[in-house]
Amino acid sequence: MSKEQQERRRGAGPRRSQEIFDATLDLLAERGYEGLTIEGVAERSGVNKTTIYRWWSSKGALLGAALIGGRHLDLTPPDTGSLRGDLEALLRSLTALLTVSPAAEVAVATLGAVTHSGELAGHVREFFADRLAREQPVFERAVTRGELPPDADPMLLVDLLAGAAWIRIVFRRLPVEEDFVTRAVATVLSGAAPAVRTAAGS
């Protein structure tokens, strides 16, 4: 992979890339993927469309870079001192993303577009790979503390928690109860079965 390709994958771009990314995600939230155009991004950001095309040859490639490099979906991995605390912080960030504009509209529009665009699906996979890489220290610390076995699957843990939020908020359109985050994390870490009582405690 060339240096330029690596930069594009990380969401890098021309000098005014942040304005381009913001315009891309704002237009996606307002008009959906069908209404997103590079010409529209150029007009909204004030950057010449030839500059945008020089870096991203299609709106799918541009959106993929904006998802990684834009501020709408930015993530700072938590470090609360415990795996449970870190997972709760991650899930709270996700529930906020799915319930607050414009991030919620960006996430839902991207989900819908992925089902119709194989090219965009590839760029979205890069976004999730980037996101999981940012979250990786959470799980490395947990292994070091003995909270997870060395062969634990971070992607599975993240998918279980993220799936719970997406299903409840986006598909079922249910409110997020105050204890949703703590219950979801507890279920993923400890399971739903009742705790086994020892003979001494029975």
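Residues numbered from 1 in each chain as written. Predicted model: local features only at pLDDT ≥ 70, side-chain atom pairs only at ≥ 80, totals over all residues. Heavy atoms only, no water.

1. Focus: the nonpolar core
- Counting residues in hydrophobic clusters, the biggest one holds 56 residues, and the most contacted among them are Ile52, Trp56, Leu91 and Leu98.
- Considering every element that reaches this core, the biggest residue donor is helix α9 (residues 154–171), with eight residues.
- With sequence-adjacent residues up to four places away left out, Leu91 is seen in contact with Leu161, Ala165, Phe180, Val181, Ala184 and Val185. (Core = buried A, V, L, I, M, F, W, Y, C linked by side-chain atoms within 4.5 Å. Buried < 20%, exposed > 50% of the residue type's maximum accessible area, 1.4 Å probe, protein only. Helix = DSSP H or I, 4+ residues; strand = E, 2+ residues; numbered from the N terminus. Contact = heavy atoms within 4.5 Å.)

2. Quick notes on the side chain of Arg168
- Within the element layout of this structure, Arg168 appears in helix α9.
- Of note is the side chain of Arg168, whose polar atom sits 3.0 Å from the side chain of Glu177.
- Apart from the residues within four sequence positions on either side, Arg168 is in contact with Arg173, Leu174, Pro175, Glu177, Phe180 and Arg183. (Polar contact = N/O pair within 3.5 Å; in protein donor to acceptor, adjacent residues only side chain to side chain.)

3. Here's the deal with α9
- Here α9 is 18 residues long and its end C-alpha atoms lie 24 Å apart, about the 26 Å a rise of 1.5 Å per residue gives.
- Those residues of α9 lying buried are Pro154, Leu157, Val158, Leu161, Ala162, Ala165, Trp166, Arg168, Ile169 and Val170.
- Summarising the contacts, the buried residues of α9 are in contact with α6 (83–97), α7 (103–114), α8 (118–145) and α10 (180–190).
- Among the residues of α9, the N-terminal cap falls to Asp153, whose side-chain oxygen and the backbone nitrogen of Met155 are separated by 3.1 Å.
- Once α9 finishes, Arg173 follows within two positions and takes phi at roughly 55°, a positive value. (Expected span 1.5 Å × (residues − 1).)

4. Here we look at the packing of helix α2 (residues 17–35) against α7
- Where α2 contacts α7, the two axes come as close as 8 Å, and the packing angle between them is 55°. Comparing their axes, α7 and α2 come out oblique. Of the two possible hands of crossing, α2 and α7 adopt the one that is left-handed. On α7, the residues that touch Leu25, Leu28, Ala29, Gly32 and Tyr33 of α2 are Glu105, Val106, Ala109, Thr110 and Ala113. (Axes fitted to C-alpha atoms, helices over the stretch in contact; angles between N-to-C directions. Parallel < 35°, antiparallel > 145°, perpendicular 65-115°, else oblique. Left-handed = near helix turned anticlockwise from the far one by under 90°.)

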